[in-house]
Amino acid sequence: MALAALKAGVRRLLLERWRAPRVYAALCSAEARLFGRKLRLEVCSKCQLKCPTCATAHGDTRRGVVGWGDLTPENLTRLLGSAGRVRELELSNWGEIFLNPRLPELLACAESAGVPVTVTNGVNLNTASDASLEAVVRHRVRRLTVSIDGATQETYAKFRVHGNLARVLAHVDRINHFKRLHGSPYPRLRWQFIVFGHNEHEVEAARALAKARGMQFEAIRNLAADYAPVRDPSSVAARTGIDYGIPTDSVLDGLADGLGFCHQVWDAPQVNWDGELLGCCFNVSRSFGNAFETPLRTLLKGPDYLEMQRVLTGRAPLRADLPCASCRLLPRHVARH
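(A) Seen up close, the pattern of salt bridges. For the structure shown, the criterion picks out 22 salt bridges. The salt bridge involving R174 is made with D130; its shortest N-O contact spans 2.8 Å. With R174 in helix α8 (residues 165–182) and D130 in helix α6 (residues 130–138), the pair connects residues that are 44 residues apart, well separated along the chain. In this structure, D149 engages R160 in a salt bridge whose closest nitrogen and oxygen atoms are separated by 2.5 Å. Residue D149 is located in the loop between β4 (143–147) and α7 (153–159), and its partner R160 is located in the loop between α7 and α8; the two are separated by eleven residues in the primary sequence. With respect to burial, D149 and R160 carry one shared label: buried. Beyond isolated ion pairs, a larger network of salt bridges with shared partners links D249, D253, D257, R328 and R332.

Put into structure tokens, the structure is as follows:
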């Protein structure tokens, strides 16, 4: 986390204050050469829940380039064999990784390739085989974030529609059982709690449930401002540290201007379950080539991909065929170009 904060600070200095995008790109390239590249990879684009603000639940991702499917171990081996040095693999994007029946094989494949795995974007953990729950321990997944937005079933299911809190907690307990069985500290577990108006009264109860299971607890802001806004911002702020004095639109503008997610295009490119290079986790409209068919390092030097980087750093006008054109998190300096 400290390294991520340091990189975010350097990114702000180079891109916002000093307007030095070429220096930033050079630093990302040097980091990849010296330490290996971080990759984001979709394991399964499917999800069994119907969260009200989720693009997967609405079918948007299924209709677009993301589609509906599972990564195979054979394709993961192919990707890792041609991607150059990979220092970390984040398994996440729009779907639920535990719905991929071959998850244990995928984790074994990454471990045998010497690539540490994280799952920090969040899983709902409603459906999971015992083999998969043991696999995240056996194959030493470093960090696993579980999205649990309530301390009671009634509250939890208001956002995690069709979800079952008791089952989720039983799966967390099972992971902890396997950690004890294998004498492993991994995965480090985090309870992620999106604060809504309907669950703000359960923050402390959820924190206690997390502590009882050895989980780090993190309450985060709901960025869909028109859905279930908090009712008592000052009380929630005091209990969570979330600053509700900053309007949601200003938070989103700050993320956009600081390339809060766009930075993935340089230092953590997103690859879909079927090999399509998306660049960032918000792209649902187009691919920049298939990383199972063409080496990833070649795709990252493709003309359209490089053009997207120039657009995001204000060095080229926005093109309608780039996914950035329809993104809410487009940096304002791009929109004004």
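(B) Looking closely at the environment of W94. In this structure, W94 sits in the loop between β2 (86–91) and α5 (103–112). Assessed through its relative accessible area of 19%, W94 is described here as buried. For W94 and G67, which are 27 residues apart along the polypeptide, the C-alpha to C-alpha distance reads 9.9 Å.

(C) Representation of the packing of helix α4 (residues 73–82) against α5. Direction vectors running N to C along α4 and α5 enclose 20°, while the axes themselves pass 9 Å from each other. For the element pair α4 / α5, the angle class is roughly parallel. The hand of the α4/α5 crossing is right-handed. On α5, the residues that touch P73, L76, T77 and L80 of α4 are E105, L106, C109 and A110. When its residues are assigned to classes, the contact of α4 with α5 shows six nonpolar, one polar and one charged.

(D) How the structure looks around the sheet that holds strand β7 (residues 270–271). Ordered in space as β6-β5-β4-β3-β2-β1-β7-β8, the eight strands form an open sheet in which the pairing is mixed. A single partner strand is all that each edge strand has here, and the edge strands are β6 (216–221) and β8 (277–279). Of the pairings in the sheet, the one linking strand β5 (residues 188–195) to β6 comprises six bridges and is parallel in character. Directly across from F193, in β6, lies its bridge partner A219. Sheet contacts for helix α9 (residues 203–212): β5 and β6; angle to β5, the most-contacted strand, approximately 170°.

(E) View of the nonpolar core. Among the nonpolar cores identified, the biggest contains 88 residues, and L89, F98, L125 and W191 are the most heavily contacted of them. With six residues, α8 is the single largest residue contributor to this core. In this structure, W191 is in contact with V146, I148, G150, L169, A206, L209, A210, M215, Q216, F217 and E218, ignoring residues within four places of it in sequence.

(F) Region of interest: a nonpolar patch on the surface. A surface patch of nonpolar side chains, about 440 Å² in accessible area, is lined by L3, L6, V10, V23 and L27. When residues of the nonpolar patch are traced back to their parent elements, those giving at least two are α1 (2–17) and α2 (21–35). A per-element tally of the nonpolar patch places α1 first, with three residues. Relative to the elements of secondary structure, L27 occurs in helix α2.

(G) Structural view of helix α14 (residues 303–312). Looking only at α14, the buried set comprises Y305, E307, M308, Q309, V311 and L312. Following α14 by one or two positions, G314 has its phi on the positive side, about 75°.

What counts, and at which threshold
Residues numbered from 1 in each chain as written. Predicted model: local features only at pLDDT ≥ 70, side-chain atom pairs only at ≥ 80, totals over all residues. Heavy atoms only, no water. Salt bridge = Lys/Arg side-chain N within 4 Å of Asp/Glu carboxyl O. Helix = DSSP H or I, 4+ residues; strand = E, 2+ residues; numbered from the N terminus. Buried < 20%, exposed > 50% of the residue type's maximum accessible area, 1.4 Å probe, protein only. Axes fitted to C-alpha atoms, helices over the stretch in contact; angles between N-to-C directions. Parallel < 35°, antiparallel > 145°, perpendicular 65-115°, else oblique. Left-handed = near helix turned anticlockwise from the far one by under 90°. Contact = heavy atoms within 4.5 Å. Nonpolar A, V, L, I, M, F, W, Y, C, P; charged D, E, K, R; others polar. Pairing = 2+ DSSP bridges. Core = buried A, V, L, I, M, F, W, Y, C linked by side-chain atoms within 4.5 Å. Patch = residues over 30% accessible without salt bridge, like charges linked within 9 Å, V, L, I, M, F, W, Y side chains within 5 Å. Areas by Shrake-Rupley, 256 points an atom, 1.4 Å probe, with all protein chains shown as cover.

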